[in-house]
Amino acid sequence: VSQSRYVYAQKSTTSPNITITTDKSSYIFGDTIVIYGTVKTVMSGNTITIRILDSYSNLVQAGQPTLGQDGSYIYSTAISSSLWKSGGWSVRQRVL
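Residues numbered from 1 in each chain as written. Predicted model: local features only at pLDDT ≥ 70, side-chain atom pairs only at ≥ 80, totals over all residues. Heavy atoms only, no water.

Asker: Can you help me understand the sheet that holds strand β8 (residues 72–78) in this one?
Answerer: For sheets, the rule is that strands pair by backbone hydrogen bonds, running either parallel or antiparallel. Taken together, the three strands give an open sheet; going across it, the order is β3-β5-β8, and neighbouring strands pair in antiparallel fashion. This sheet does not close on itself; its edge strands, each paired only once, are β3 (21–22) and β8. In this sheet, strand β5 (residues 32–38) lies alongside β3 in antiparallel orientation, the contact comprising two bridges. Counted as the bridge partner of threonine 21 is tyrosine 36 from β5. (Pairing = 2+ DSSP bridges. Helix = DSSP H or I, 4+ residues; strand = E, 2+ residues; numbered from the N terminus.)

What follows is the structure, encoded as structure tokens:
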């Protein structure tokens, strides 16, 4: 059964120097979500963590894309497991 899943990109409120964007505003089961953005100031050893949360703030997917020297990153994941239920989703990031 194919149902719509919605993902909303959110900029971090605690780190205004980070951008995050998704390639589309909605997805269906089997789609691949592509998340990309930039970190304004990159320091040696920085890592970025992407977290996708359901509408109840439960973690559904997490990953650590490679952070380029120019501060860019890209992360993709398929909507393919039973954790992906219909409803609203949020994408969050953290740079360490």
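Asker: How should I be thinking about the side chain of threonine 77 in this particular structure?
Answerer: Following the sequence through the fold, threonine 77 ends up in strand β8. When its relative accessible area of 9% is taken as the criterion, threonine 77 is described as buried. Apart from residues lying up to four places away in sequence, threonine 77 is in contact with Asp31, Thr32, Ile33, Ile52, Gln61 and Trp84. (Buried < 20%, exposed > 50% of the residue type's maximum accessible area, 1.4 Å probe, protein only. Contact = heavy atoms within 4.5 Å.)

Asker: Would you explain the pairing of β5 in this entry?
Answerer: Each regular strand carries side chains that alternate between the two faces of the sheet. Residues of β5 alternate between two faces, with Ile33, Ile35 and Gly37 buried on one and Thr32, Val34, Tyr36 and Thr38 left unburied on the opposite face. Pairing of β5 with β8, which is carried by seven bridges, proceeds in the antiparallel orientation. For isoleucine 33, the partnering residue across the bridge sits in β8 and is threonine 77.

Asker: Please clarify how the pattern of salt bridges should be interpreted in this entry.
Answerer: Pairing between side chains becomes possible if they bear opposite charge and their charged atoms approach one another. Throughout the structure, instances matching the rule amount to one salt bridge. When the shortest N-O distance is used, the salt bridge between lysine 24 and aspartate 31 registers 3.2 Å. Accessibility expressed as a relative area gives 36% for lysine 24, which makes it partly exposed. Residue classification places aspartate 31 among the buried positions, given a relative accessible area of 18%. (Salt bridge = Lys/Arg side-chain N within 4 Å of Asp/Glu carboxyl O.)

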